[in-house]
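Coordinates in review
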Amino acid sequence: MEVIVKEDYDQLSRLAAEEIADVIKRKPQAVIGLATGSTPLGTYKELIRLCREKRLDFGRVVTFNLDEYVGLPPTHDQSYRYFMNENLFNHINIRKENTHVPDGLADDLAAGCRDYEEQIRKSGGIDLQLLGIGGNGHIAFNEPGSSLGSRTRVKTLTEKTRKDNARFFKSMDEVPQYAVTMGIGTIMEARRIVLLASGASKADALAAAVEGPVTAMCPASILQMHPAAIVVADKAAAAKLKGAYPFEPQRVPPKK
Ligand code: PGA
């Protein structure tokens, strides 16, 4: 995996947006995997700016989000569909029917998960997947202990993740207990992966993911096995890395 350490969050966000923009410029009908959380917000702002300045066209782009809470309707302000509409989709020229977020309200959640996998497959697979990393090393809602070959499914959220996310809800009781999430195996099939880590609260998880053993107890560590994964960290998140890492990526053209 390629590790890039940027000075701060703004630079991290700009580089992440450039990585996404590069893929879309090479392939206007690219399939992009997107993430929620605080970390990608700067990246989305940058993508919106590029689109407004007519430097990036989302007209044919297809997206698949990593995860969604079970039980929250798309209109709930903490649902990930709502988050994506508010923070990206409503501000760019993407066709809403080309945007996919797992359905956390399906009567048959297992069938919904299988269908999500099928939709990704039918779209031709994900060209670039954007990821955050949890303070416990999770990617999407694949908590520690998740099977490294897992597919899209329902997961029980750990207490740590529920507490981390409680800041967005009125009380801890309102934080959902379950989520639908792409599996680690699903994520690993993306042709290129960009994992973002910002802030000191991610330093331990990032060090474990980048320099520790590949283990289900740190799901992000599986990215060491990916042929085209890039980790973009700011200095605070990179503080516990022992290796020396560059400030700029080597430009590797994404696989078609
Ligand atoms: P954050 O979440 O971007 O809000 O820190 C990342 C994650 O939990 O995957």
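Our subject in this report is the structure included herewith. (Residues numbered from 1 in each chain as written. Predicted model: local features only at pLDDT ≥ 70, side-chain atom pairs only at ≥ 80, totals over all residues. Heavy atoms only, no water.)

1. With respect to the environment of Pro 28
Let me state the cut-off plainly: Under the scheme used here, helices are H or I runs from DSSP no shorter than 4 residues and strands are E runs no shorter than 2 residues, and both carry numbers assigned from the N terminus. Contacts are assigned to residue pairs with any non-hydrogen atoms lying within 4.5 Å of each other.
Structurally, Pro 28 can be placed in the loop between α1 (9–26) and β2 (31–34). Once the C-alpha coordinates of Pro 28 and Gly 132 are considered, the two residues, 104 residues apart in sequence, prove to be 24 Å apart. Setting aside residues up to four positions removed in sequence, Pro 28 forms contacts with Arg 60 and Val 61.

2. Re the site of the ligand
For clarity, the threshold we go by: If even one non-hydrogen atom of a residue comes within 4 Å of a molecule or strand, that residue is called near it. Nitrogen and oxygen atoms within 3.5 Å of one another constitute a polar contact, given that in protein one can donate a hydrogen and the other can accept it, and given that sequence-neighbouring residues count only through two side-chain atoms. Under the convention used here, a 1.4 Å probe and the Shrake-Rupley method define accessible areas, while residue burial counts only the protein chains that appear. For this classification, the nonpolar set comprises Ala, Val, Leu, Ile, Met, Phe, Trp, Tyr, Cys and Pro, the charged set comprises Asp, Glu, Lys and Arg, and every other residue, Gly included, is treated as polar.
Taken together, Gly 37, Ser 38, Thr 39, Gly 132, Ile 133, Gly 134, His 138, Arg 167 and Lys 202 make up the full set of residues adjacent to the ligand. Taking His 138, its side chain carries an N or O atom lying 2.7 Å from an oxygen atom of the ligand. Between an oxygen atom of the ligand and a side-chain N or O atom of Lys 202, the distance comes to 2.5 Å. Look at the ligand: alone it shows 280 Å² of surface, and the protein chains cover 78% of it. Of the residues belonging to the shell around the ligand, the class tally is 1 nonpolar, 6 polar and 2 charged.

3. Details of helix α3 (residues 80–87)
Worth spelling out the cut-off: When accessible area is computed with a 1.4 Å probe and restricted to protein chains, residues below 20% of their type maximum are described as buried, those above 50% as exposed, and intermediate ones as partly exposed.
All buried positions along α3 are accounted for by Tyr 80, Arg 81, Phe 83, Met 84 and Asn 85. In the core, the buried residues of α3 are packed alongside β2, α2 (41–52), β3 (62–65), β4 (67–69), β5 (99–100) and α5 (159–165).

4. Considering the side chain of Asp 127
Here Asp 127 shows up in the loop between α4 (109–122) and β6 (128–131). Within the local environment of Asp 127, its side chain forms a polar contact with the side chain of Lys 27, the two groups lying 2.9 Å apart. Those residues in contact with Asp 127, other than ones at most four positions away along the chain, are Val 23, Lys 27, Ala 30, Val 31, Arg 191 and Arg 192.

5. Looking at the pairing of strand β9 (residues 192–197)
Applicable threshold: Two strands qualify as a pair provided that DSSP identifies no fewer than 2 bridges between them. If the strands point away from the viewer and the path from the first strand over the helix to the second runs clockwise, then the crossover is right-handed.
Within β9, 6 of the 6 residues are buried, which leaves the element mostly enclosed by the surrounding structure. Of the two faces of β9, the one lined by Arg 192, Val 194 and Leu 196 and the one lined by Ile 193, Leu 195 and Ala 197 are each fully buried. In this sheet, β9 lies alongside β6 in parallel orientation, the contact comprising 4 bridges. Among the inter-strand pairings, Gln 129 is bridged to a residue of β9, identified as Ile 193. For the crossover that starts at β9, traverses helix α7 (residues 203–211) and ends in the parallel strand β10 (residues 229–234), the hand is right-handed.

6. Some remarks on the packing of aromatic side chains
How we decide: Ring pairs are drawn from Phe, Tyr and Trp, using the six-membered ring of Trp, whenever the two centres fall within 6.5 Å, and their geometry is named by plane angle: stacked under 30 degrees, edge-to-face over 60, tilted for the rest.
One pass over the structure, following the stated rule, counts 5 aromatic pairs. Relative to Tyr 116, the ring of Phe 64 has its centre 5.6 Å away and its plane inclined at 80°; by these criteria the two rings are edge-to-face. With a gap of 52 residues between them, Phe 64 in strand β3 and Tyr 116 in helix α4 connect regions that are remote in the sequence. Phe 64 sits in the buried class, given a relative accessible area of 0%. Tyr 116 gets classed as buried once you look at its relative accessible area, which sits at 4%. With a centroid separation of 4.8 Å and an interplanar angle of 40°, the aromatic rings of Tyr 69 and Tyr 80 are classed as tilted. Of this pair, Tyr 69 sits in strand β4 while Tyr 80 sits in helix α3; the two residues are 11 residues apart in sequence, bridging distant segments of the chain. For Tyr 69, a relative accessible area of 2% puts it in the buried group. Note on Tyr 80: relative accessible area 10%, which makes it buried.

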